[in-house]
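Spelled out, the chains give:
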Amino acid sequence: MGVEIERFLRLVRALPECEAKEAERYTTFRVGGKPFGYLWPRTATVGLKQTLLEQTALVAERPEVFEVQFTAGGFGWVVVHLDGIELDELSELTLEAWYLTAPEELTAAPPTPESLARA
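Residues numbered from 1 in each chain as written. Predicted model: local features only at pLDDT ≥ 70, side-chain atom pairs only at ≥ 80, totals over all residues. Heavy atoms only, no water.

Participant: Help me understand the sheet that holds strand 1 (residues 19-22), please; the structure alone is not making it clear to me.
Facilitator: Two strands in a sheet stick together by hydrogen bonds in their backbones, pointing the same way (parallel) or opposite ways (antiparallel). Strand order across the open sheet formed by 6 strands is 1-2-3-4-6-5, with antiparallel pairing between neighbours. Both outer strands of the open sheet, strand 1 and strand 5 (66-72), are each paired with one neighbouring strand and no more. Neighbour-to-neighbour, the strand axes of the sheet open up by a mean angle of 25°, direction not taken into account. Examined bridge by bridge, strand 2 (residues 27-31) and strand 3 (residues 34-40) share 5 bridges and lie antiparallel to one another. By the bridge assignment for strand 3, Val31 is matched with Lys34. Along the sheet, helix 1 (residues 5-13) makes contact with strand 2, strand 3 and strand 4 (45-51), crossing strand 3 at roughly 165°. Against the sheet, helix 3 (residues 87-101) engages strand 2, strand 3, strand 4, strand 5 and strand 6 (75-81), with an angle of about 55° to strand 4. (Pairing = 2+ DSSP bridges. Helix = DSSP H or I, 4+ residues; strand = E, 2+ residues; numbered from the N terminus. Axes fitted to C-alpha atoms, helices over the stretch in contact; angles between N-to-C directions. Contact = heavy atoms within 4.5 Å.)

Participant: Help me understand the pairing of strand 6 in this model?
Facilitator: The two faces of the sheet receive side chains in turn, since in a regular strand these alternate between them. Along strand 6, 5 of the 7 residues are buried, which leaves the element largely enclosed by surrounding structure. In this sheet, strand 6 lies alongside strand 4 in antiparallel orientation, the contact comprising 7 bridges. The residue bridging Lys49 from the neighbouring strand is Trp77, located in strand 6. Pairing geometry for strand 5 and strand 6, over 6 bridges, is antiparallel. Bridge pairing in strand 6 places Ala72 opposite Phe75. Between strand 5 and strand 6, which pair antiparallel in sequence order, lie 2 residues; one of them, Gly73, sits at a positive phi of approximately 55°. (Buried < 20%, exposed > 50% of the residue type's maximum accessible area, 1.4 Å probe, protein only.)

Shown next as structure tokens:
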């Protein structure tokens, strides 16, 4: 169980028009100039944009894997501990974060979680 950082990076790079911006302690992932995810290599965690309902459900279901990061603009961001999640679930959550952020013209034919897991 668990997803290595390099595997997460392959997954996120497979998303259309995903841009990565490196900072000193983390990497931000954007689409259409807006962030949908973060990676903190030191803690092997990622932050992903989700709906408020999904944020609440994930944290309540498995608090050892998910943490509330923050809420903003009607969305709930979750911290995901990579060592506690399977690739297929991480692919779904990453795609959802991208989908919630991507410009409409990109969401007409989004990738599938399965295609991301194979990337």
